Number of protein chains: 2
Amino acid sequence: MRAVDLIVKKRDGGALSREEIEFLIDGYVRGQVPDYQLSSLAMAVFFRGMSFEETGFLTRAMIASGDSIDLSSVPGPLVDKHSTGGVGDKVSLVLAPLAAACGCVVPMMSGRALGHTGGTLDKLESIPGYRTDLGVERFREVLRSCGFAMTGQSERIVPADRLLYALRDVTGTVESIPLITASIMSKKFAEGAQALVFDVKCGSGAFMKSREQARALAVSLARTGASLGRQVRAVITDMDQPLGRMVGNFLEVRECVEILQGRGPEDLRQLTLRLTAHMLVLGGLAPDISGAEALCAQRLRDGSAWRSFLDNVKAQGGRTEALLDPDQGPRAPRTLALRAGASGFLVRLEAYRFGLASGLLGASRSRKEDPVWPDVGIEILKVAGDRVREGEELCLLHGRDPQRLEEARSLLEAAVTVAGQAPPPRQLVLEEIDADALGKD
Amino acid sequence: MRAVDLIVKKRDGGALSREEIEFLIDGYVRGQVPDYQLSSLAMAVFFRGMSFEETGFLTRAMIASGDSIDLSSVPGPLVDKHSTGGVGDKVSLVLAPLAAACGCVVPMMSGRALGHTGGTLDKLESIPGYRTDLGVERFREVLRSCGFAMTGQSERIVPADRLLYALRDVTGTVESIPLITASIMSKKFAEGAQALVFDVKCGSGAFMKSREQARALAVSLARTGASLGRQVRAVITDMDQPLGRMVGNFLEVRECVEILQGRGPEDLRQLTLRLTAHMLVLGGLAPDISGAEALCAQRLRDGSAWRSFLDNVKAQGGRTEALLDPDQGPRAPRTLALRAGASGFLVRLEAYRFGLASGLLGASRSRKEDPVWPDVGIEILKVAGDRVREGEELCLLHGRDPQRLEEARSLLEAAVTVAGQAPPPRQLVLEEIDADALGKD
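The structure displayed is predicted, hence computed values, not measured ones.

Rules behind the numbers
Residues numbered from 1 in each chain as written. Chains lettered and ligands numbered in written order. Predicted model: local features only at pLDDT ≥ 70, side-chain atom pairs only at ≥ 80, totals over all residues. Heavy atoms only, no water. Helix = DSSP H or I, 4+ residues; strand = E, 2+ residues; numbered from the N terminus. Rg over C-alpha atoms; globule rule 2.2 N^0.38 Å. Buried < 20%, exposed > 50% of the residue type's maximum accessible area, 1.4 Å probe, protein only. Contact = heavy atoms within 4.5 Å. Areas by Shrake-Rupley, 256 points an atom, 1.4 Å probe, with all protein chains shown as cover. Lys, Arg positive; Asp, Glu negative; His and termini not counted. Charge placed at Lys NZ, Arg CZ, Asp CG, Glu CD. Buried area = accessible area lost by both parts, 1.4 Å probe. Salt bridge = Lys/Arg side-chain N within 4 Å of Asp/Glu carboxyl O. Polar contact = N/O pair within 3.5 Å; in protein donor to acceptor, adjacent residues only side chain to side chain. Nonpolar A, V, L, I, M, F, W, Y, C, P; charged D, E, K, R; others polar. Least-squares fit on C-alpha atoms with pLDDT ≥ 70 in both. Pairing = 2+ DSSP bridges. Axes fitted to C-alpha atoms, helices over the stretch in contact; angles between N-to-C directions. Parallel < 35°, antiparallel > 145°, perpendicular 65-115°, else oblique. Left-handed = near helix turned anticlockwise from the far one by under 90°.

## Digging into the overall build of chain A
- Helices and strands together make up the secondary structure of chain A, namely 18 helices and 13 strands.
- Relative to the 2.2 N^0.38 estimate, which gives 22 Å for 441 residues, the radius of gyration of chain A is 22 Å and therefore close to what a compact globule would have.
- In terms of principal-axis extent, the alpha carbons of chain A reach across some 70 × 45 × 40 Å.
- Counting all 441 residues of chain A, 58% fall into the buried class.
- In chain A, once contacts between residues fewer than 6 apart in sequence are set aside, the share between residues at least 24 apart is 78%.
- On chain A, roughly 17000 Å² of surface is accessible, and the fraction owed to carbon and sulfur atoms is 47%.
- The averaged location of the 57 negative side-chain charges in chain A is 1 Å from the averaged location of its 54 positive side-chain charges.

See below:
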């Protein structure tokens, strides 16, 4: 087998076999297939696509490039959730303890904030003492004792993805649905999940800006999962505006605590319940979505999800004082208000600019090596649909550096729209994709 | 400027500017733009194409990557011809002395036999003593004294093409019309030609198998030449069957001697006259094609082209004895006949298999490092349209190794078709492309 022949085959619209894809990925990781062949193949895939079966082969080959975490010793249905990333997306911090409180086991390996998007690890680390560098053994122990554990990705999991992603990043081949699918899916299955719920974000603050792109990815995730014989649901959700009322690290943790205590913003609560409910159905813990949502609501109400979260924070080294009394947690030294420029209805808070502004304040990185601050971010005081008066406070920016605060405020000025008429109500869950219901490839 | 942004621009259908293409090619040659970015760009170009203007920018950037040969001290119109390669294509060996005898100066840098195609350098080197490794100084001297000189390509000419071609060869990006155009054109103009005639071969024995592909390349060559302000003609010619009656190295030299002496096969004579005539028109040595063809015919008849060839052979170290009495030249120790399997009309000699068979006998290389023999090849005794009887000799194979001779004969058995009806007459010149007549891009 020669890599060049396989590149030509894909270039000319052919489908690669399982053996051919294994040859390419295995060869690439071993250094026998060079970067310049993989990048030209990736560009051919960008143009020609891959069938769901091919994408499944690719996913499998990528999983085989490294270690897989064996969680067979952990009792309970292993179900995880993955979000494609957004602004104010702190769902994982509520969903994991909630799903665990309902009987799921959630082996969650997460990423860091980059660009305009936040990262679960950075949010967790804003809790004083919280460790996200669990080794595999400790990860298993926390999983067994808490029903969920949250850690960074191990270097030994799917090395093919790290290599391929770095290559795609510099060769114009990031935006390929099958390559994105295999990248996401390989990591999640290698990390020990048996079933997966994907939250495919769509809109200004998401990687997928349009509904068509988001749907293509959601269908690809669901169908590729099915081709691998796995239970997968993909939910397309709105990320045109931030989720909840907090954007930042500890600010988002505070909001999660509110939800876990039965308070907090309704949009975040609703979406979290919906996604968790899908996990319960996949895990066989509820017969259908409405039953699962009722179970989730009960576990929030009775405080078991909140206790599950506190148990996990203790198990992972965090000090619960900052959660029990969030005023004791990190707090930025300066605030600056964004005020309404006119009276009327607030119709839109553009998520992308909110993400950029939060990043500018220090809640995310523009380069991987930048530091991230736990205390900075944006508190959203008014949301779309609210009536506002000129000069009224819309947001409170929390920051460290006065100049950065001013710059972030300028960004937000362009991100908010006030108009004479109220906007239509926000639809948070746009579509739910179930491969079984889609029919065949 | 970042290479990845330019890859994305091309990938999404944009046109690259002159500066952007210079940045990529210059950076590539300097090692600042890595292989994996150029290969992904090449694949994007494969799918998106390039305008003739972009192809011109690419050609210019490639020329600028190395030395150009300064022939301003050589008086006379500098016109060259390039063929995309075929089987039995020995046109250059007659065309160059003929054009020189008509007043052109022909600075010909040629390539070697590879795969099923022959190479002008290997044919010339089958003349005992003939040197094709002239340095630039000697190349200029021979040009000045003979009106034409024939040598191998200097390493210092268009290094970008050597790098890019080697990369394209292993990344599935060879078959891209703009990349092929820039590769061919950059070398020819860097070698000092002012105007160019391209012989774009089409059919079984050619790189371009279909008329559409050949036309696309011919138009691209003509239009890109025009975008560079150069005089270019592209002629699409039939390469579905071998040209002339000899395939090999010295066998082809013998056939060229026949043509230069006013004998030889009509197809070779006609095509050579036509291509040379285009050169004369481009060089301003004849007002139109028919006038130019008449001048060529006269120079063949009066022996001046033949004398010009002998002068060049002497100047380049060759022993003219082998030309004046070809029986003194190289001769393979063994021959084997291919005989007709049935009676009827010979309707086709498939060029590709003839090229493979000749290569198998040792007239070409399957890998660059293989040796090439001067004496081996195929003598075609009957051509398409001839009536043949069962058992009659169709070809005579000249070889060194009995087993190879048998293998080559088997190949040829599948390459010849005998049928009850005569085929339509062969049309050698399929189309002549003049950018000026095509209108704008």
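## Some thoughts on the interface of chain A and chain B
- Contact residues are listed per partner, giving 22 residues for chain A and 22 residues for chain B.
- Carbon and sulfur atoms make up 70% of the area that chain A and chain B hide from each other, which totals about 1700 Å².
- Summed over the shared surface of chain A and chain B, the result is two salt bridges.
- Taken together, the connections running from chain A to chain B amount to eleven residue pairs in polar contact (both at pLDDT 80 or more).
- Mapped by element, the contributors of at least two residues to the side of chain A that touches chain B are α1 (3–11), α3 (35–48) and α8 (159–171) of chain A.
- Residue composition of the side of chain A that touches chain B, grouped by class: ten nonpolar, six polar and six charged.

## Focus on the environment of Ser145(B)
- Position of Ser145(B) relative to the elements: it lies in helix α7 (residues 136–146).
- Between the C-alpha atom of Ser145(B) and that of Val94(B), which follows or precedes it by 51 residues, the distance is 18 Å.

## What about the pattern of salt bridges?
Residue and element names in this part refer to chain A.
- The tally for this structure, following the rule as stated, stands at 80 salt bridges over all chains.
- The shortest N-O distance in the salt bridge between aspartate 161 and lysine 187 comes to 3.3 Å. Highlighted residues: aspartate 161 in helix α8 and lysine 187 in helix α9 (residues 177–190), separated in sequence by 26 residues.
- The residue arginine 339 makes a salt bridge to glutamate 393 at a minimum N-O spacing of 3.3 Å. In this pair, arginine 339 sits in strand β7 (residues 334–339) while glutamate 393 sits in strand β11 (residues 393–399), placing the two residues 54 residues apart along the sequence.
- Since its relative accessible area comes to 47%, arginine 339 is described here as partly exposed.
- Its relative accessible area of 29% is what places glutamate 393 among the partly exposed residues.
- Residues joined in a network through salt bridges with shared partners are Arg112, Asp122, Glu125 and Arg365.

## With respect to the relation of the copies chain A and chain B
- Superposing chain A onto chain B takes a rotation of 180° plus a shift of 0.0 Å along the axis, which leaves an RMSD of 0.0 Å. Considering both components of the superposition, the chain copies are consistent with a two-fold axis.
- Residue by residue, 100% of the interface of chain A is reproduced at the interface of chain B, so both copies engage with the same surface.

## Topic: the sheet that holds strand β8 (residues 344–349) of chain A
- Spatially, the three strands line up as an open sheet ordered β10-β8-β12 (chain A), and their pairing is antiparallel. Each edge of the open sheet is held by one strand with a lone partner, namely β10 (387–388) and β12 (416–419) of chain A.

## Digging into the packing of helix α2 (residues 18–30) of chain A against helix α4 (residues 52–63) of chain A
Residues and elements named next belong to chain A.
- Direction vectors running N to C along α2 and α4 enclose 40°, while the axes themselves pass 9 Å from each other. Regarding the angle of α2 to α4, the classification is oblique. Considering only the axes of α2 and α4, their crossing is right-handed. Across from Arg18, Ile21, Glu22 and Ile25 in α2, the residues of α4 making contact are Glu54, Phe57, Leu58, Arg60, Ala61 and Met62.

## Digging into the sheet that holds strand β8 (residues 344–349) of chain B
All names here are of chain B.
- Spatially, β10-β8-β12 is the arrangement adopted by the three strands of the open sheet, whose pairing is antiparallel. Strands at the two margins of the open sheet, each flanked by one partner only, are β10 (387–388) and β12 (416–419).
- Bridge analysis of β8 against β10 gives two bridges, and the strand direction is antiparallel. Each residue of the ladder has a partner; that of phenylalanine 345, found in β10, is arginine 387.

Just geometry here; none of it tells us what the structure is for.
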